[in-house]
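The lines below spell out each chain.
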Amino acid sequence: MKSYDTVIFDLDGTLLDTLEDLMLSVNHALSGQTEVRRSLQEVRGFVGNGVRRLMVLSLPGGERNPQFEEAMADFRAHYAVHCRDHTRPYPQIMDMLRELKARGLKMGIVSNKPDAQVKDMNGEYFGGMFGAAMGEKEGVRRKPAPDSLLRAMEELGGTREGTLYVGDSEVDVMTAKNAGVDCLSVTWGFRDRDVLEEAGAVRFIDAPMELPALLEEKA
């Protein structure tokens with residue numbers, strides 16, 4: 001691994017454990033339409049491609065279900081109110097981020113969450129520590145398209161050669177590839193290592209504090 005001056009992170013499953021709040025909002029939305037309920041493990045496999053894809057996979061029949069748009073609206077309304085009930089940074093995340101900031105690294109977030117929520121979470125959970133926080137919004141294709149990652153790099157003044165993208169899913173591996181930047185995959189998030197390897201991931205860390213140690217070793 002080469003030297004980097006910019007590190008950009010995925011949010012859900014990488015920095016924040018959001019799974020329980022997502023599951024509860026999914027099941028709230030389903031409760032008005034079907035007797036089906038989704039487990040944590042099921043939702044873990046559904047997340048990563050934005051909330052619409054999450055509901056397509058969660059609601060029987062997906063977009064063909066005549067109640068799909070109503071379920072989508074119910075999910076969005078419930079999650080907007082309850083998205084912070086159980087969500088927390090993973091252990092060691094804050095220590096890792098403080099260490100990277102102390103070294104003068106530029107840091108950003110790129111997520112398929114709605115853009116306003118990403119920006120709010122940057123402030124609430126991280127004290128605005130990230131110089132760029134990008135989410136899904138009109139006119140910007142969501143990951144794995146490179147748009148949001150490239151915009152974050154532009155805001156931070158990062159280059160392709162000097163940027164490392166850190167994520168937990170196959171979507172993140174593809175996003176980094178599409179943007180032409182290096183990727184580091186984490187194993188504590190929403191995908192198992194074998195899924196990441198099948199997607200082309202080659203570099204892994206098993207705990208957040210391995211990242212500053214790795215950057216120091218390779219600098």
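Since the model is a prediction, treat every value here as computed from it, not as a measurement. (Residues numbered from 1 in each chain as written. Predicted model: local features only at pLDDT ≥ 70, side-chain atom pairs only at ≥ 80, totals over all residues. Heavy atoms only, no water.)

Trainee: I keep staring at helix H1 (residues 19-31) and nothing clicks. Help me out?
Mentor: Structurally, the α-helix is built with 3.6 residues per turn, so residues lying three or four positions apart point the same way. A rise of 1.5 Å per residue sets the reference length of H1, with its 13 residues, at 18 Å; its end C-alpha atoms lie 18 Å apart and thus fit the reference within 8%. Every buried residue of H1 is accounted for by Leu19, Asp21, Leu22, Met23, Ser25, Val26, Asn27, Ala29 and Leu30. Buried residues along H1 sit in contact with strand S2 (16-17), helix H2 (40-46), helix H3 (51-58), helix H4 (68-82) and strand S4 (106-114). (Helix = DSSP H or I, 4+ residues; strand = E, 2+ residues; numbered from the N terminus. Expected span 1.5 Å × (residues − 1). Buried < 20%, exposed > 50% of the residue type's maximum accessible area, 1.4 Å probe, protein only. Contact = heavy atoms within 4.5 Å.)

Trainee: Would you mind showing me how to read the nonpolar core here?
Mentor: Side chains that are nonpolar tend, in soluble globular proteins, to be buried together. Ranked by internal contacts, the top residues of the largest apolar core, which has 51 residues, are Phe9, Leu15, Met55, Phe75, Leu97, Phe126 and Leu211. In contact with Leu211, not counting residues within four places along its chain, are Val7, Phe9, Met96, Leu100, Leu164, Val166, Leu184 and Ile205. The next biggest cluster of nonpolar side chains, apart from the first, holds 17 residues, and it includes Tyr165, Val181, Leu196 and Phe204. (Core = buried A, V, L, I, M, F, W, Y, C linked by side-chain atoms within 4.5 Å.)

Trainee: I tried to follow the packing of H3 against H4 on my own but got confused; where do I start?
Mentor: Packed helix pairs are specified by the crossing angle of their axes together with the interaxial distance, meaning the distance between the axes. At their nearest, the axes of H3 and H4 sit 10 Å apart, and the two run at 125° to each other. When the interaxial angle is binned, H3 and H4 end up oblique. Read as a crossing pair, H3 and H4 show a hand that is right-handed. Contacts between H3 and H4 involve Val51, Arg52, Leu54, Met55 and Val56 on the former and, on the latter, Phe68, Glu69, Ala71, Met72, Phe75 and Arg76. The class makeup of the residues in the contact of H3 with H4 is eight nonpolar, no polar and three charged. (Axes fitted to C-alpha atoms, helices over the stretch in contact; angles between N-to-C directions. Parallel < 35°, antiparallel > 145°, perpendicular 65-115°, else oblique. Left-handed = near helix turned anticlockwise from the far one by under 90°. Nonpolar A, V, L, I, M, F, W, Y, C, P; charged D, E, K, R; others polar.)

Trainee: Looking at this structure, I do not really get the side chain of Asp168. What am I missing?
Mentor: For Asp168, the position within the fold is in the loop between strand S6 (163-167) and helix H8 (170-179). Buried charge without a salt bridge: Asp168, with Arg191 as the nearest opposite-charge side chain at an N-O distance of 5.7 Å. A polar contact of 3.2 Å, which involves the side chain of Asp168, links it to the side chain of Thr14. A distance of 2.8 Å separates a polar atom in the side chain of Asp168 from the backbone nitrogen of Phe190. Beyond its immediate chain neighbours, meaning those up to four positions away, Asp168 contacts Asp10, Asp12, Gly13, Thr14, Val186, Gly189, Phe190, Arg191 and Leu196. (Lys, Arg positive; Asp, Glu negative; His and termini not counted. Salt bridge = Lys/Arg side-chain N within 4 Å of Asp/Glu carboxyl O. Polar contact = N/O pair within 3.5 Å; in protein donor to acceptor, adjacent residues only side chain to side chain.)

Trainee: Hey, could you run me through the pairing of S6 in this one?
Mentor: Across a regular strand the side chains alternate sides, sitting on one face of the sheet and then on the other. Most of S6 sits inside the fold, with five of its five residues counted as buried. Both faces of S6 are covered, namely the face carrying Thr163, Tyr165 and Gly167 and the face carrying Leu164 and Val166. As paired strands, strand S1 (residues 6-9) and S6 are joined by four bridges and run parallel to one another. Looking at the pairing, Phe9 lines up with Val166 of S6. Summarising the sheet, S6 and strand S7 (residues 182-186) pair through four bridges and their orientation is parallel. In the sheet register, Tyr165 faces S7, and the bridge partner there is Cys183. Handedness of the β-α-β unit built from S6, H8 and S7 comes out right-handed. (Pairing = 2+ DSSP bridges. Right-handed = clockwise from strand over helix to strand, strands pointing away.)

Trainee: Explanation requested: the packing of H1 against H4 in the structure shown.
Mentor: Where H1 meets H4, the axes come as close as 8 Å, and the angle between the chain directions of the two elements is 140°. Relative to H4, H1 is oriented oblique. Classified by chirality, the crossing of H4 by H1 is right-handed. Of the residues in H4, those touching H1 at Asp21, Leu22, Leu24, Ser25, Val26, His28 and Ala29 are Ala71, Asp74, Phe75, His78, Tyr79 and His82.

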